[in-house]
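Structural overview
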Amino acid sequence: MIFERIKTPGIAHVAYLIGNQGQGAVVDPRRDVGEYVKLARRHKLTIKYAIETHRQEDFVMGSAELARQCGAKVVNGRHGAFGHGDIRLDDGEGFELAQGIRLVALHTPGHTPESMCYAVYLDDAPDRAWAVFTGDTLFIGETGRTDLTDPSKTAEHAGQLYDAVHAKLLPLGDQTILLPAHGAGSVCGGNIAERDDSTIGLERSYNPVFVRSRDEFIKGKLDERIPRPPYFRHMEQVNSQGGMGPLTSASAVRVLQPKDFQTECRRGLVFDLRRPEAFAGGHVPGSYSIWSDGLSVFAGWVAEAGTPIYLVLDDAATALDDAVKALGRVGLDYVQGVLAGSFEAWRDHGLPMAGLGTVEAGRIEVDPAQRDLRVIDVRDDVEFETEGHIPGVSHLYVGYVERELARLQPPFDPEAPVVVTCGVGHRASLAASMLMRRGARDVRNLLGGMEAWQKLERRVELGACANSVTTPDVEGPRR
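So, how was this worked out
- Residues numbered from 1 in each chain as written.
- Predicted model: local features only at pLDDT ≥ 70, side-chain atom pairs only at ≥ 80, totals over all residues.
- Heavy atoms only, no water.
- Buried < 20%, exposed > 50% of the residue type's maximum accessible area, 1.4 Å probe, protein only.
- Helix = DSSP H or I, 4+ residues; strand = E, 2+ residues; numbered from the N terminus.
- Arc of directions from axis to C-beta.
- Contact = heavy atoms within 4.5 Å.
- 1 Å grid on protein atoms, 1.4 Å probe; cavity = no way out; pocket = protein on both sides within 12 Å on 5 of 7 lines; lining within 4 Å.
- Points joined across faces, edges and corners; volume = space filled by probe spheres on them.
- Nonpolar A, V, L, I, M, F, W, Y, C, P; charged D, E, K, R; others polar.

Examining helix H2 (residues 63–70)
By the burial criterion, the buried members of H2 are Ser-63, Glu-65 and Leu-66. Projected down its long axis, H2 carries its buried residues within an arc of 160°, all on one side. Contacts from the buried residues of H2 go to strand S3 (23–27), helix H1 (34–42), strand S4 (46–51) and strand S5 (73–77). Phi turns positive one or two residues past the end of H2, at Gly-71, with a value near 75°.

Set out below in structure tokens:
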């Protein structure tokens, strides 16, 4: 049997190639399918099936592209939320994926109403599941969030997920290997464990869906406060309609000389992918600071489908291809240009530059009453409340800085100096660039962030604070 786990950086997505005797399938493929096709060729497999666990929210699916390139049949469930399917499976219905490998579909609603899991049975032990592809229903150490399709039905969906896991997955047996569609760092679930391997038996000992009662589990889901990127709705629509076709090639992105870049970038947004320290030293005015590994997650917070995007990279020859892929995976295809010679060329042409201040953890006064700087922590709610924060700070998650800035108390003053902090400085650099676009004149990034603060053993507080803007319910209250 052939089995491969393929990870997608940035969005913590995991797809799987499984097959035997020349025939195989890819489970939950992303849009750029080249890696799957190469692996299949290496293993002398024909990709016969593209299997979908649900309509993904955080990336463009690649099932249609596998069908186009390889003739793969799209396999999913009968729920109407799925897009096109060549093979529609009912709960409990199975089929032979390849010689000696049988899949059985299990309808497990909760994360989304159409969510399906697929139990894998091998001829060596036909009555005991070898593994189960769980999509976003069951992660390692966690379950999928239940607020995505309708925040007002978070509790109802949590109950459905709990029931489905206990009725459909638990009976598969402790030996069953868990194969989820996301790992640690995904926004499709909170607190996912930072490892790749687990079984139903291991999960029974610590996963909240197994160790909590149904009511306790539902309450835990109601208490979750995971930011929802605005591009999720677009991904759902795109995937319902069969995806977006092949990715734009990096070779189609124009290399623009500094003065041409200056003229053309006014049509869209500039993403500066250099490190926070480099961005602080000098950058194209009005640009967003988004580090390379954060591009898939945070570009969708500030850009919409169809937005022209211009890139500033350390080395376009080595980094452009990855950047175009990262953006295309979340539906941002309009990368129009990259700055020739990076920011150094811009600087050498004497073009306008903006700068960003930096500050060390040891130079900030702990006592809010004596501090002459406002400090804004832009980590998410759970990080802020459980991992410790600087006493007296304001709190606003980075993704909401532009749209929720007016909710800060006391009101944000663009004339007053402000320090932005996060874990180590990457999200703070993005937030600082957002504040500068909103007219802030003196913004500084706390380089090293809370990691440096705590290594210096400086005082921290836990829990929410009076100046905290918690994750807003942008689509209505949850109950």
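Back to the write-up after that little detour.
Here we look at the layout of surface pockets
One simple way to see leftover space: roll a probe sized like a water molecule over the atoms. Roughly 1,400 Å³ of internal volume is contained in the largest pocket. If you go around the largest pocket, you meet 44 residues; those closest to its centre are Gly-185, Ser-186, Asn-191, Asp-380 and Glu-383. Those elements that provide at least two residues to the lining of the largest pocket are helix H6 (214–223), helix H10 (295–302), helix H13 (381–386), helix H15 (426–437) and helix H16 (449–455). At four residues, H6 tops the list of elements feeding residues into the lining of the largest pocket. Its residues placed into classes, the lining of the largest pocket shows 16 nonpolar, 14 polar and 14 charged. Within this model, the second largest pocket holds a volume of roughly 250 Å³. Around the second largest pocket sit 13 residues that line it, and Ser-292, Asp-293, Asp-322, Ala-323 and Ala-326 are the ones nearest its centre. Taken together, the elements giving at least two residues each to the lining of the second largest pocket come down to H10 and helix H11 (316–328). Of the residues forming the lining of the second largest pocket, the biggest block, five residues, is contributed by H11. In terms of residue class, the lining of the second largest pocket is built from six nonpolar, three polar and four charged.

A short note on the environment of Ala-464
By the secondary structure assignment, Ala-464 is in the loop between H16 and strand S24 (468–469). For the pair Ala-464 and Val-335, spaced 129 residues apart in the sequence, the C-alpha separation amounts to 39 Å.

Quick notes on the environment of Val-378
Mapped onto the elements of the fold, Val-378 is located in the loop between strand S20 (374–377) and H13. Sequence-wise, Val-378 and Gln-262 are 116 residues apart; in three dimensions their C-alpha atoms are separated by 30 Å. When neighbours within four sequence positions are excluded, Val-378 is seen to be in contact with Leu-396, Tyr-397, Val-398, Val-401, Val-420, Thr-421, Cys-422, Arg-427, Ala-428 and Ala-431.

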